[in-house]
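# Fold and contact review
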Amino acid sequence: MNVGVLVSGRGSNLQALLDRLQGGDCQVVAVGSNKAEAPALRRAREADVPVRVFPHADYADRASHDLAMADWLQARGAEIIVLAGYMALLDSVFIGRFPDRIVNVHPSLLPAFPGVRAIEQAVEYGVKVFGVTVHLVDEGVDTGAILAQRAIELGTMSDPAEVHQHLQRIEHELLPEVVLRMARGEVRRDPDNPRRLLVG
Ligand code: GRF
């Protein structure tokens, strides 16, 4: 299965995917971004992966923007889409093109702390256990069915930047692992509870 990745920022998760997937059966075939200045794009170019920028300002609305991205990703052969720090909501027209095939990585143990500033909010709240969620994308904000989670004890950590560093190490392992499992057909829905995904 071919993977398309959407990015808006630094791209350390994109790098983890490239490091783990390129050269195997399941490869990153396209990287799209809504931000021309995203450092992630350089990582894609260095790995010889086709890149395209879709600035929101070039489109009348999010539906036409997301449709153009979906068309391009499908033309490149992408079957699984990974949101690796893609900082915008996806329109239902995009989600409908890749049913149960869009994966996001979020820096919290969902359903706690969805949306932006998850780490800052968790630190302010004073949580003791925190972590990373890899989940399917639906039309809500970080509400899709959960594929994998990994937790850490926060201990004395109170600096969001430090917590993020710890979480990113987990993300870089967990995200490529889940994508590979999905590509191998190892993700099923529990017939008794379609919200629950059985992985492996
Ligand atoms: C990650 O920490 C992820 O949890 C969140 O956005 C961040 C992207 O980081 N959704 P990077 O661009 O992959 O370094």
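Being a predicted model, the structure only gives us computed values, none of them experimental.

## Remarks on the domain arrangement of the protein chain
You can read the domains of the protein chain as domain 1 (1–99) and domain 2 (104–200). Measuring from the centre of the C-alpha atoms in domain 1 to the corresponding centre in domain 2 gives 20 Å. With 16 residues of domain 1 at the interface, the matching set in domain 2 holds 18 residues. Around 1500 Å² of area is buried between domain 1 and domain 2 when both sides are counted, 69% of it from carbon and sulfur atoms. Area buried by domain 1 at its contact with domain 2 is led by Asn13, Arg20 and Leu83, which between them contribute 32% of it. Linking domain 1 with domain 2 are 1 salt bridge. Glu177 is paired through a salt bridge with Arg20; the nearest N and O atoms lie 3.0 Å apart. Counting residues per element, the ones that place at least two in the side of domain 1 that touches domain 2 are helix H1 (12–21), strand E4 (80–83) and helix H4 (92–97). The biggest single contributor to the side of domain 1 that touches domain 2 is H1, with 6 residues. Within the side of domain 1 that touches domain 2, the residues separate by chemical class into 11 nonpolar, 3 polar and 2 charged.

## A look at the nonpolar core
Formed by 45 residues in total, the largest nonpolar core has its most connected members in Val5, Val31, Val82 and Val134. Inspection of this core shows a minimum of three residues originating in each of domain 1 (1–99) and domain 2 (104–200). If sequence neighbours within four positions are ignored, Val31 has contacts with Val5, Val7, Leu14, Leu41, Ala44, Val49, Pro50, Val51, Arg52 and Trp72. Counting residues in hydrophobic clusters, the runner-up holds 19 residues, among them Ala70, Leu90, Phe98 and Ile102.

## Re helix H3 (residues 62–75)
The terminal C-alpha atoms of H3, which comprises 14 residues, lie 20 Å apart, in line with the 20 Å expected from a rise of 1.5 Å per residue. Of the residues making up H3, those classed as buried are His65, Asp66, Ala68, Met69, Ala70, Trp72 and Leu73. Residues of H3 that are buried in the fold lie against strand E1 (3–7), strand E2 (28–33), strand E3 (51–53), E4 and H4. Gly77 occupies a position one or two residues after H3 and carries a positive phi of about 90 degrees.

## Thoughts on the packing of aromatic side chains
All chains considered together, the criterion is met by 4 aromatic pairs. Arranged with centres 5.2 Å apart and planes meeting at 40 degrees, the rings of Phe94 and Phe98 form a pair that is tilted. Note on Phe98: relative accessible area 3%, which makes it buried. Taken together, Phe113, Tyr125 and Phe130 form an aromatic cluster joined through their ring pairs.

## Structural notes on the site of the ligand
Taken together, Arg10, Gly11, Ser12, Asn13, Gly85, Val105, His106, Pro107, His164, Gln168 and Glu171 form the complete shell of residues around the ligand. One of the side-chain nitrogen or oxygen atoms of Gln168 is found 3.1 Å away from an oxygen atom of the ligand. Protein chains bury 88% of the 370 Å² of accessible surface belonging to the ligand in isolation. Mapping the ligand onto the cavity grids shows that it belongs to the largest pocket.

Calculation criteria
- All chains use their own residue numbering, which begins from 1 and follows the written sequence.
- Owing to the predicted nature of the model, reporting of local features is limited to residues with pLDDT of at least 70; listing and counting of side-chain atom pairs is limited to 80 or more, with chain, interface and lining totals taken over all residues.
- Hydrogens and water molecules were not included; the side-chain quantities draw on all heavy atoms of the structure.
- An automatic or database domain assignment supplies the start and end points of every domain.
- Contacts: residue pairs with any heavy atoms within 4.5 Å of one another.
- Buried area is understood as the total, over both parts, of accessible area removed when two parts are fitted together, assessed with a 1.4 Å probe.
- We count a salt bridge whenever a side-chain nitrogen from Lys or Arg sits within 4 Å of a carboxyl oxygen from Asp or Glu.
- Runs of E in the DSSP output that reach at least two residues are strands. Runs of H or I that reach at least four are helices, and both are numbered from the N terminus.
- Three classes are used, and their members are as follows: Ala, Val, Leu, Ile, Met, Phe, Trp, Tyr, Cys and Pro are nonpolar, Asp, Glu, Lys and Arg are charged, and the others, Gly among them, are polar.
- Definition of nonpolar core: a set of buried residues of the types Ala, Val, Leu, Ile, Met, Phe, Trp, Tyr and Cys, connected through side-chain atoms within 4.5 Å.
- Think of it in three bands: residues with accessible area under 20% of the maximum for their type are buried, residues over 50% are exposed, and the middle band is partly exposed, with areas taken using a 1.4 Å probe on protein chains only.
- Here a helix's expected span is defined as the number of its residues, less one, multiplied by 1.5 Å.
- A pair of Phe, Tyr and Trp rings is counted when the ring centres sit within 6.5 Å of each other, with Trp represented by its six-membered ring. The angle between the planes then sorts it: under 30 degrees is stacked, over 60 is edge-to-face, the rest tilted.
- To be near a molecule or strand, a residue needs just one of its heavy atoms within 4 Å of it.
- Nitrogen and oxygen atoms within 3.5 Å of one another constitute a polar contact, given that in protein one can donate a hydrogen and the other can accept it, and given that sequence-neighbouring residues count only through two side-chain atoms.
- Residue-level accessible areas treat just the shown protein chains as cover; the underlying method is Shrake-Rupley with a 1.4 Å probe.
- Both site types are read off a 1 Å grid over the protein atoms alone. A 1.4 Å probe that fits but cannot get out defines a cavity, while an open set with protein on both sides within 12 Å along at least five of seven lines defines a pocket; lining residues have an atom within 4 Å of a point.
- Each molecule is assigned to a cavity or pocket provided more than half of its atoms lie within 2 Å of the corresponding grid points.

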